[in-house]
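The chain contents come next:
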Amino acid sequence: MRFRAKVVDLACLNHFSRIINTIAKLAKICILRLTVCKLYFILSDKVANGGASMWCELSQGNFFDEFQMEGVAAEHNEIYLELVPENLSRALKTAQSAKAVKIKLTNKHCPCLRVAVELPSLSSSSRIVTHDIPVGVIPRRMWNDFREPSVPDFDVSIYLPVLKTMKSVVERMKNLSNFIVIEANLSGEMNLKIETDLVSVTTHFKDLGNPPWVSEDGCQSSAQGRDPESMAEACIDIKKLQQLLAGQQVNPTKALCNIVHKRIVHFILLHEEVSLQYFIPAIA
């Protein structure tokens, strides 16, 4: 099992660093899955236990100048590692003006991702700062626990308002309640609501637009045939929503959410070469 990669382009490096920052805000521990073409960051808190889950996918070719890996076996050419994304985020913070960054899987005393940052230096010799980030290697028999979550058969799918606006609304509401209700319909309307014994606050958004969805077999989702004015809603943990909005550094070109009435809210943030999905289960 081998893995090494190198980034030279500063813009790519900074973009990669921002993505890792976002992930570090959403997950204390996550799984990094490496394949020949892609990297995946996976958080699968069991939604049944009320945990959120995340699936972030990036094409390595858009970030790395060199990328080599050999998986566990020829027919399973993948590597699954468990890591603390905050550690990787910290290591990359030292690389903001680096000439190059190399990442390598090593195993001296324990498995580590070694991040070697080559910094510009005034003399002819270069300065290299290395960070060893401990990782756990996930055995092959457990890989199925980290498969891509399927898009739930939602009642409503809607484009999100400007995320900065949404973030400031949610931050104000967070001081009033631990829960927030997201509701939306197929006429491009969405409301964020909190209701407590003392106060009830609603922010309305309209003209957001609804994405056209067609599933693999060409069928529409259960949203088809639904009354466009009728609201689907889910009450979720406001902290989880705030984490998603506050940690947001992917700067998506498209952001949308799917609501399964009273069951789950599924967020999808897309940026050219990155897709981030985040699932927050509803609170009964």
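Residues numbered from 1 in each chain as written. Predicted model: local features only at pLDDT ≥ 70, side-chain atom pairs only at ≥ 80, totals over all residues. Heavy atoms only, no water.

### Quick word on helix H4 (residues 238-246)
Then comes step 1: Here H4 has its buried residues at Ile238, Lys240, Leu241, Gln242, Leu244 and Leu245.
Then comes step 2: Measuring from the backbone nitrogen of Lys239 back to the side-chain oxygen at the start of H4 gives 2.8 Å, which picks out Asp237 as the cap. (Buried < 20%, exposed > 50% of the residue type's maximum accessible area, 1.4 Å probe, protein only. Helix = DSSP H or I, 4+ residues; strand = E, 2+ residues; numbered from the N terminus. Polar contact = N/O pair within 3.5 Å; in protein donor to acceptor, adjacent residues only side chain to side chain.)

### Some thoughts on a nonpolar patch on the surface
Then comes step 1: A cluster of nonpolar residues, Met1, Val72 and Val137, forms a patch on the protein surface that exposes about 240 Å² of accessible area.
Then comes step 2: Relative to the assigned elements, Met1 resides in the segment before strand S1 (2-7).
Then comes step 3: Accessibility expressed as a relative area gives 45% for Met1, which makes it partly exposed. (Patch = residues over 30% accessible without salt bridge, like charges linked within 9 Å, V, L, I, M, F, W, Y side chains within 5 Å. Areas by Shrake-Rupley, 256 points an atom, 1.4 Å probe, with all protein chains shown as cover. Salt bridge = Lys/Arg side-chain N within 4 Å of Asp/Glu carboxyl O.)

### Focus: the sheet that holds strand S5 (residues 66-70)
Then comes step 1: Taking strand neighbours across the sheet as the criterion, the five strands line up as S5-S1-S7-S8-S9 in an open arrangement whose pairing is antiparallel. The outermost strands of the open sheet, each flanked by one partner alone, are S5 and strand S9 (127-134). Mean inter-strand twist for the sheet, computed between neighbouring axes without regard to direction, equals 15°.
Then comes step 2: Looking at chain direction, S1 and strand S7 (residues 100-107) are connected through four bridges and run antiparallel. Bridge pairing in S7 links Lys6 to Lys102.
Then comes step 3: Set on the sheet, helix H2 (residues 85-93) makes contact with S7, strand S8 (111-119) and S9; between it and S9 the angle comes to about 175°. (Pairing = 2+ DSSP bridges. Axes fitted to C-alpha atoms, helices over the stretch in contact; angles between N-to-C directions. Contact = heavy atoms within 4.5 Å.)

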